[in-house]
Amino acid sequence: MPTSRVHPIAALTPELEAVLKEDTNRRLRNLIAANIKTRYARSSPQLSDFFLAVNEKDIQNDESVLLDFRRLVPPTDYESYRPFMMMFNSHPCKLSEVENMLAPGLPIYIPLSSATSGKICKQFAKYFRSRPYSASPLPSRVGVISLIYTFAYRDPVEVVTDSGDVAKRIPVCSDSTGVTRAQNNWSIETDDTRMASILPGHVAPWATGFIIHHRSFLLIHALFALANPSLEGISVPFVTIFMDMVHRMEEEWATLISSIRNGTIPNFEQIDHVQTYLQLNMRADPQRADELRHIGPPLSGPGWAQRVWPRLKLLTSICSGTFAASLPQARSILGPNVVIYNPLYICTECLIGRSLNLEDTETFVVATDDLIEFLDMTQESTHGQVLQAWDLQPGKFYQPMSTTHDGLWRYLIDDVIQVTGFDPRSGLPVFRYSRRTNLELRLPHAIITEADLVSVIHAISGEDIVEVQEFTTVVDDRKFPQTVGFFVSVTGDIGPNAKSARQKGFAALVATNVEHQIAFDADEFGLPTIRIIKPGTFADYRRWRGESLNVGVGQTKLPAVLTDPKAQEWMARRVVTEL
């Protein structure tokens, strides 16, 4: 899959800077014009000064409007939008109260974010776009793909008129589900028409996307992918989910081969509601079963995927940042000729960037679907230091801030990026992910904050279990489903109720975010693991880490989340027992 490589430039030319300014100002004018009359813009305290300043102005032609925006609109966070979003949870949800809430009309879906605080996910409103979010075009077409995305949603929000008629049903779902539906114009009203079919270019029946049980969802996708030797691409939200599927295939290899041989759908958990649709699309193929049996299961040797699917050329998934830890094993499974493509740098709130080069999973160029501004992380976060794309300097760290088609105004994104240059084609900043603004442990279903981790330690620390002295955490994927793993140093002996530690820790996590219980019930998340390390290990870590980074011990801290794979291996070698 050859493509010409884009090399970032270190500084903007005057011509590129002029083009960038013109394009940025045009997009900002369009966003202001589209959303200035919404309920949020007219009544939010954060926008009151700006609304008064521009209410009587010609948004598209008055030069002072952009100055007013940059002078009067402060950075916002979720608390500014929460009262407006809560209106969609009203019963009944009246059209007269939610229409034109954040953007004109009604949302097409309501995505849930990974909650970073409190017990309830943040929810946002996503409105119709004539051009939904999409990745950069691939240099060559990928034919048959395994699209490993869920299409399921929670009870939709029913918006009713004053007379009680349903005006619209809005699905509440993950953002990846909403984006995929929007890209393909798959409305919830037409789901039943697709249930029994395999859509052109796909390998699994549409109904597979409605399996809620995580393990069964992955196994059914694996079954139909294995049955099709012509597979050319695999698309999955996160590379960790691909590896989860690989391990599920390893566990159930004999069952999957038998199913392909006999043409029957296995009795996996919680698939009864779609089993008829799945069976309609399953055919016996003894020859394919023999081929797979001869090749062996996924962990039988490197390059396994290309022996199973000779035409496979692309795995598309988010795999930067903390997800990058799974890349070495994924590359071993796929083999050297399969490209791993990280298409988007995206969060629930907005699209921030697109991949700069096909095979570079870590470098992105700022997206132009909405407006991205920046805060210099070396300065205090007040709107006086908001920077535009042409103000950025390669090598420096910034926090993105987004004004969107969906009605967010200078919304602070909890990420830190490092700018590495500028795109020579457009002048847009090129960047790499650096970290979260607050170090957190990130799983596909939720984000676990340092405060959440501390609450687990408080729950398990006591004379009847263990007296925890210090701790750090990792994503524990030694077994599936993955979970949060604790390395702890303790004082004294292990208590008589140590066997209850994992359950107590899990209860503490659920108390911080109900999504953990939902993921656990779907077999997507396991009980936390607790490994006790040798006395003095954390002191040795500070010394080892200080020597590795050539800094003094006093400058080296034990992080709440351990992200360095070498440090994780170093810590694992010092475990003395596991609860």
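Everything quoted here is computed from the prediction, not taken from an experiment.

Draft legend 1. Up close: the overall build of the chain. A tally of helices and strands in the chain yields 19 helices and 23 strands. A globule of 579 residues ought to have a C-alpha radius of gyration of about 25 Å, and the chain, at 25 Å, matches this closely. Structurally, the chain occupies a C-alpha span of about 70 × 60 × 55 Å along its principal axes. Residues counted as buried form 54% of the 579 residues belonging to the chain. Taking the intrachain contacts of the chain between residues at least 6 apart in sequence as the baseline, contacts between residues at least 24 apart amount to 66%.

Draft legend 2. The sheet that holds strand β4 (residues 154-160), seen in detail. Strand order in this open sheet of four strands is β1-β4-β5-β2, and the pairing throughout is mixed. Sheet topology places β1 (93-94) and β2 (110-112) at the edges, where each strand pairs with a single neighbour. Relative to strand β5 (residues 166-174), β4 runs antiparallel, the two being bridged by five bridges. Bridge assignment links Arg154 to a residue of β5, and that residue is Val172. Strands in contact with helix α7 (residues 175-184) are β2 and β5; relative to β5, the strand with the most contacts, it is inclined by about 125 degrees.

Draft legend 3. Looking closely at the packing of helix α15 (residues 450-460) against helix α16 (residues 501-512). At a closest axis distance of 8 Å, the pairing of α15 and α16 adopts a crossing angle of 140 degrees. Judged by the inter-axis angle, α15 sits oblique to α16. Crossing angle aside, the handedness with which α15 passes α16 is right-handed. Counting all contacts with α15, which are made through Asp452, Ser455, Val456, Ala459 and Ile460, the residues of α16 involved are Ala501, Lys504, Gly505, Ala508, Leu509 and Thr512. Tallied by class, the residues present in the contact of α15 with α16 amount to six nonpolar, three polar and two charged.

Draft legend 4. Here's a closer look at the environment of Ile413. Inspection of the secondary structure puts Ile413 in the loop between β15 (411-412) and β16 (415-422). Owing to a relative accessible area of 3%, Ile413 belongs among the buried residues under this scheme. Sequence separation between Ile413 and Leu443 is 30 residues, and the spatial gap between their C-alpha atoms is 18 Å. Ile413 has contacts with Cys347, Glu349, Cys350, Ile352, Gln399, Pro400 and Thr437, leaving out every residue within four places of it along the chain.

Definitions and cut-offs
- Residues numbered from 1 in each chain as written.
- Predicted model: local features only at pLDDT ≥ 70, side-chain atom pairs only at ≥ 80, totals over all residues.
- Heavy atoms only, no water.
- Helix = DSSP H or I, 4+ residues; strand = E, 2+ residues; numbered from the N terminus.
- Rg over C-alpha atoms; globule rule 2.2 N^0.38 Å.
- Buried < 20%, exposed > 50% of the residue type's maximum accessible area, 1.4 Å probe, protein only.
- Contact = heavy atoms within 4.5 Å.
- Pairing = 2+ DSSP bridges.
- Axes fitted to C-alpha atoms, helices over the stretch in contact; angles between N-to-C directions.
- Parallel < 35°, antiparallel > 145°, perpendicular 65-115°, else oblique.
- Left-handed = near helix turned anticlockwise from the far one by under 90°.
- Nonpolar A, V, L, I, M, F, W, Y, C, P; charged D, E, K, R; others polar.

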